[in-house]
Amino acid sequence: MDVLDVARALVLERHPDALAAFLGGSVLTSRRTARSDLDIVVLLEGPPAPYRESLRYGDWPVELFVHTEDSWHSFVTPEIAQRNSALLWMCADGALLLDADGTGARIAETAKRLAAAGPPPVTDTALEDARYALTDLLDDFAAVTDAGERLFVVAELVRRTGELTLLTHGTWLGGGKWLARRLEPVAPDLAARLDEAAQAALRGAPEGLTALVTEVLDAAGGPIWEGYRRSGPRKTA
């Protein structure tokens, strides 16, 4: 059974009154593996939406994201402000499984437009915050001696270095495997270089990772630590 047919059958079985549904994620791409799941967005008119559920349908693991049109917008809008919205991309790049009343076409058009417009401009504050966090981590890395601590510092260095690169280029962020995928268009070799440098660092050779992180920091404006300051929220009378 074709994956689109499987996903459509699941939606009709669980939500026969669905207004629209999308199948997104890796399963539609050449990156599909034997463990790929079905990422399905379902649009309903009302309750029980919104909810998210993980389940198994036949041999397929499924991630189900059930929304109304209003709740879809209420989730996507703040995610766009954070520069990372899986829900947006599932509808922008996904396959439209069914569309009972035009809701699917409307959401698809909106998602494609928002995705193409890109995330909001990177503020100087956001860029400085990212530079500060990476500078601070690099200082920790230079002094770490415990193997367990080193593991987590290296992992955090790799993640934040990738994120700073994306911020520097003004592109969408991503988590997990999607961080690597977002890096491909703007820094095609960075993930491989980070992998090599991180493995060397965990074997006791930190110089390569330090140099690579510093390279990314320099491209973003350089390390920053002394003089960095942020004020907390203040109550108003």
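Keep in mind it's a predicted model, so treat the numbers as computed, not measured. (Residues numbered from 1 in each chain as written. Predicted model: local features only at pLDDT ≥ 70, side-chain atom pairs only at ≥ 80, totals over all residues. Heavy atoms only, no water.)

Student: Mind showing me how you'd approach the pattern of salt bridges here?
Tutor: Between side chains of opposite charge, a pair can form as their charged atoms come close. On inspection of all chains with the given rule, the structure shows eleven salt bridges. The closest approach of N and O atoms between R113 and E109, which form a salt bridge, is 3.9 Å. A residue pair is termed a helical-turn pair when its members lie 3 or 4 positions apart in one helix, as R113 and E109 do in helix α4 (residues 103–117) at four residues. Taking the shortest distance from any N to any O, the salt bridge between R230 and E128 comes out at 2.8 Å. Pair noted here: R230 is in the segment after α9 (207–219) and E128 is in helix α5 (residues 124–143), with a separation of 102 residues, a long-range link. On the basis of relative accessibility, which here comes to 25%, the residue E128 falls in the partly exposed class. A network of salt bridges, in which partner residues are shared, links E156, R159, R160 and E163. (Salt bridge = Lys/Arg side-chain N within 4 Å of Asp/Glu carboxyl O. Helix = DSSP H or I, 4+ residues; strand = E, 2+ residues; numbered from the N terminus. Buried < 20%, exposed > 50% of the residue type's maximum accessible area, 1.4 Å probe, protein only.)

Student: Honestly, the sheet that holds strand β2 (residues 38–43) in this entry has me stumped. Any pointers?
Tutor: What the five strands build is an open sheet, ordered β3-β4-β2-β1-β5; its pairing is mixed. Of all the strands in the sheet, the pair left with one neighbour each is β3 (51–57) and β5 (95–99). If you compare each strand with its neighbour and ignore which way they point, the axes differ by 20 degrees on average. Inspection of the sheet shows strand β1 (residues 20–24) paired to β2 by five bridges, in the antiparallel sense. Bridge pairing links G24 to D39 in β2. (Pairing = 2+ DSSP bridges. Axes fitted to C-alpha atoms, helices over the stretch in contact; angles between N-to-C directions.)

Student: What exactly am I supposed to notice about the packing of helix α6 (residues 147–169) against α9 here?
Tutor: Any two packed helices are characterised by how steeply their axes cross, that is the angle between the axes, and by the distance between the axes. Where α6 meets α9, the axes come as close as 9 Å, and the angle between the chain directions of the two elements is 25 degrees. Relative to α9, the element α6 is oriented roughly parallel. Crossing geometry of α6 relative to α9 is assigned as left-handed. In this structure, α6 contributes V154, L157, T161, L164, T165 and T168 to the contact, and α9 contributes L209, V213, V216, L217 and A219. Considered class by class, the residues forming the contact of α6 with α9 number eight nonpolar, three polar and no charged. (Parallel < 35°, antiparallel > 145°, perpendicular 65-115°, else oblique. Left-handed = near helix turned anticlockwise from the far one by under 90°. Contact = heavy atoms within 4.5 Å. Nonpolar A, V, L, I, M, F, W, Y, C, P; charged D, E, K, R; others polar.)

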